[in-house]
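Each chain, letter by letter, is given below.
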Amino acid sequence: IPIFHDDQHGTAIITLAGLINALKVVGKSKEQCEGATHNYIWDVTDEDLQEGGGCAQSEEQAMSCRHLMTFEEPVKIGDEMKQLTTYKAPLIDPFGNIIGTSGIGHDITDLNNMGLELSFLIENIPLPIILCDKNFKAVRMNKIFKDIAIKENVDIEDYNYHQWKAETLRAVREPVESDDRRS
């Protein structure tokens with residue numbers, strides 16, 4: 001988890017806990033990062049910053065709100081785009097002046113990619129599938145399940161799995177013989 005402390009201009013002033021991981025993420029040494037700007041640390045240009053690249057905008061928000069904030073930020077690291085969840089808080093001196101920010105970033109790129117792969121897998125299995133959390137709140141369902149179970153336009157967040165199950169499914173009992181089918 002990379003941790004950087006920046007002054008109010010985005011210049012790294014201290015790199016402490018998490019230093020080794022932070023340096024691995026950006027591919028630079030401690031000496032290269034201390035005193036460096038966002039542009040150098042994250043390999044972004046001034047044009048990238050103007051288009052919303054880098055972390056300067058989120059740091060400005062954390063400083064203007066004067067409290068801890070959470071962001072999901074796409075960050076270019078070398079030739080790769082990464083998705084970071086960042087937690088940023090203003091650094092405030094004893095006189096109440098903002099002197100910079102402290103931030104922790106967690107790379108969630110692989111986690112997001114796994115979510116995409118899971119969605120692709122669920123959608124392409126030729127069976128009705130619903131995934132629920134531990135409280136049976138629907139989290140994901142494929143088109144086949146939606147076609148079978150949902151009669152009207154219902155958001156997945158509002159879908160009541162227990163109600164559908166009670167109204168639609170019956171418990172399995174002893175086999176029943178009939179003229180149409182022998183069990």
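One can find the structure itself at the top, above this paragraph.
**Details of unusual backbone geometry**
Glycine aside, residues mostly have negative phi angles, and peptide bonds mostly take the trans form.
Inference 1: For R66, which is not glycine, the phi dihedral falls at a positive 65°.
Inference 2: The phi dihedral of F136 is positive, around 65°, even though this residue is not glycine.
Inference 3: Position of F136 among the secondary structure elements: in the loop between β6 (130–132) and β7 (138–141).
Inference 4: Judged by its relative accessible area of 42%, F136 falls in the partly exposed class.

**With respect to the pattern of salt bridges**
Inference 1: The tally for this structure, following the rule as stated, stands at 4 salt bridges.
Inference 2: Between K88 and E73 there is a salt bridge, with the nearest N and O atoms lying 3.3 Å from each other. One end of the pair, K88, is in strand β4 (residues 80–92); the other, E73, is in strand β3 (residues 69–77), and 15 residues separate them in sequence.
Inference 3: Exposure remark for E73: the relative accessible area of 7% places this residue in the buried category.
Inference 4: Between D107 and K82 there is a salt bridge; the shortest N-O distance is 3.7 Å. Of this pair, D107 sits in strand β5 (residues 98–107) while K82 sits in strand β4, and the two are 25 residues apart along the sequence.
Inference 5: Of the residues examined, D107 reaches a relative accessible area of 33% and is grouped as partly exposed.

Conventions we followed
- Residues numbered from 1 in each chain as written.
- Predicted model: local features only at pLDDT ≥ 70, side-chain atom pairs only at ≥ 80, totals over all residues.
- Heavy atoms only, no water.
- Helix = DSSP H or I, 4+ residues; strand = E, 2+ residues; numbered from the N terminus.
- Buried < 20%, exposed > 50% of the residue type's maximum accessible area, 1.4 Å probe, protein only.
- Salt bridge = Lys/Arg side-chain N within 4 Å of Asp/Glu carboxyl O.

What is shown is where atoms sit, not what they do.
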